[in-house]
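What follows is the residue order along each chain.
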Amino acid sequence: MGTIRIIRGDITKIKVAAIVNAANTTLLGGGGVDGAIHRAAGPELLAACQKLHGCATGEAKITPGFRLPAQFIIHTPGPIWRDGTQSEACLLHNSYRNSLALAAAYNCQTIAFPSLSTGVYRYPLAAAAVIALTTIRDFLAANTVIQTVTMVCFDATTLAAYQQAYQQVVGN
Ligand code: ADP
């Protein structure tokens, strides 16, 4: 079965088959990790995204990685947190699951995620980390393509939240 790694770092620097972008529904770039990925991948990325005509929340679309070390970028808009009654948990689960399924369909053995929705979209960090790791754990248990999933945490608070959730969801 595949393994889950949790590290602190910058996802634009990670050499894996696919990195995931915390996109918005336009797929035309934004702030946070989305802006960093567009800057690092180069202007070819925006041109490729323009041809995709957006993406619904919880769905995922793929482009080449262009100037990134990663071969592919999987773009998924996570939910904007409102009050927890707007299907936020289900939509966040869908973003992780659909990104993993798309990576597997493209035969990616390695994939890296940022912490979807916990920046500008304000999803509560501890709850988001549990959903992320539960969805990844369950996907890995049923798939034969993906070998390693790396959660790339940008700051110490995010890293601590994912490490704590890992104890709860995966153990040891
Ligand atoms: P969202 O709109 O889905 O909340 P953000 O980009 O605002 O997305 O934040 C998602 C997470 O990505 C936050 O934890 C933020 O600190 C982190 N982040 C920002 N830049 C990077 C980067 N270069 N690599 C990895 N994570 C990043």
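Structure's up top.
Reference entry: report on the structure contained in this document. Here the structure is a predicted model, which means the values were calculated and not measured.

1. Focus: the environment of E59
No. 1: Mapped onto the elements, E59 comes out in the loop between α2 (43–50) and β3 (61–64).
No. 2: Residue class for E59 comes out partly exposed when judged on its relative accessible area of 40%.
No. 3: Sequence separation between E59 and G78 is 19 residues, and the spatial gap between their C-alpha atoms is 8.4 Å.
No. 4: Once residues within four sequence positions are removed from consideration, E59 is found in contact with H75, T76, P77 and N98.

2. Overview of the packing of aromatic side chains
No. 1: The final tally for this structure, using the stated rule, is three aromatic pairs.
No. 2: Plain terms: the ring middles of F72 and Y106 are 5.3 Å apart, the flat faces sit at 70° to each other, and that makes the pair edge-to-face. Highlighted residues: F72 in strand β4 (residues 72–77) and Y106 in the loop between α3 (88–105) and β5 (110–113), separated in sequence by 34 residues.
No. 3: Note on F72: relative accessible area 16%, which makes it buried.

3. Overview of the sheet that holds strand β2 (residues 18–23)
No. 1: Judged by pairing direction, the sheet is mixed, and its six strands sit side by side in the order β1-β6-β5-β2-β4-β3 without closing on themselves. The open sheet terminates on both sides in strands that have one partner only, identified here as β1 (3–8) and β3. The mean inter-strand angle of the sheet, taken between neighbouring strand axes irrespective of direction, is 25°.
No. 2: Relative to strand β6 (residues 148–153), β1 runs parallel, the two being bridged by six bridges. Within β6, the residue paired with R5 across the bridge is T150.
No. 3: Most of the contacts of helix α4 (residues 125–142) go to β1, to which it runs at about 145°, and overall it touches β1, β5 and β6.

4. With respect to the packing of helix α1 (residues 32–41) against α2
No. 1: It is the contact of α1 with α2, at a shortest axis distance of 5 Å, that shows an interaxial angle of 115°. Overall, the two elements α1 and α2 adopt an arrangement that is roughly perpendicular. In contact with I37, H38 and A41 of α1, α2 contributes E44, L45, L46 and C49.
No. 2: Of the residues contributing to the contact of α1 with α2, the split by class is five nonpolar, one polar and one charged.

Conventions and cut-offs
- Residues numbered from 1 in each chain as written.
- Predicted model: local features only at pLDDT ≥ 70, side-chain atom pairs only at ≥ 80, totals over all residues.
- Heavy atoms only, no water.
- Helix = DSSP H or I, 4+ residues; strand = E, 2+ residues; numbered from the N terminus.
- Buried < 20%, exposed > 50% of the residue type's maximum accessible area, 1.4 Å probe, protein only.
- Contact = heavy atoms within 4.5 Å.
- Phe/Tyr/Trp six-rings, centres within 6.5 Å; stacked < 30°, edge-to-face > 60°.
- Pairing = 2+ DSSP bridges.
- Axes fitted to C-alpha atoms, helices over the stretch in contact; angles between N-to-C directions.
- Parallel < 35°, antiparallel > 145°, perpendicular 65-115°, else oblique.
- Nonpolar A, V, L, I, M, F, W, Y, C, P; charged D, E, K, R; others polar.

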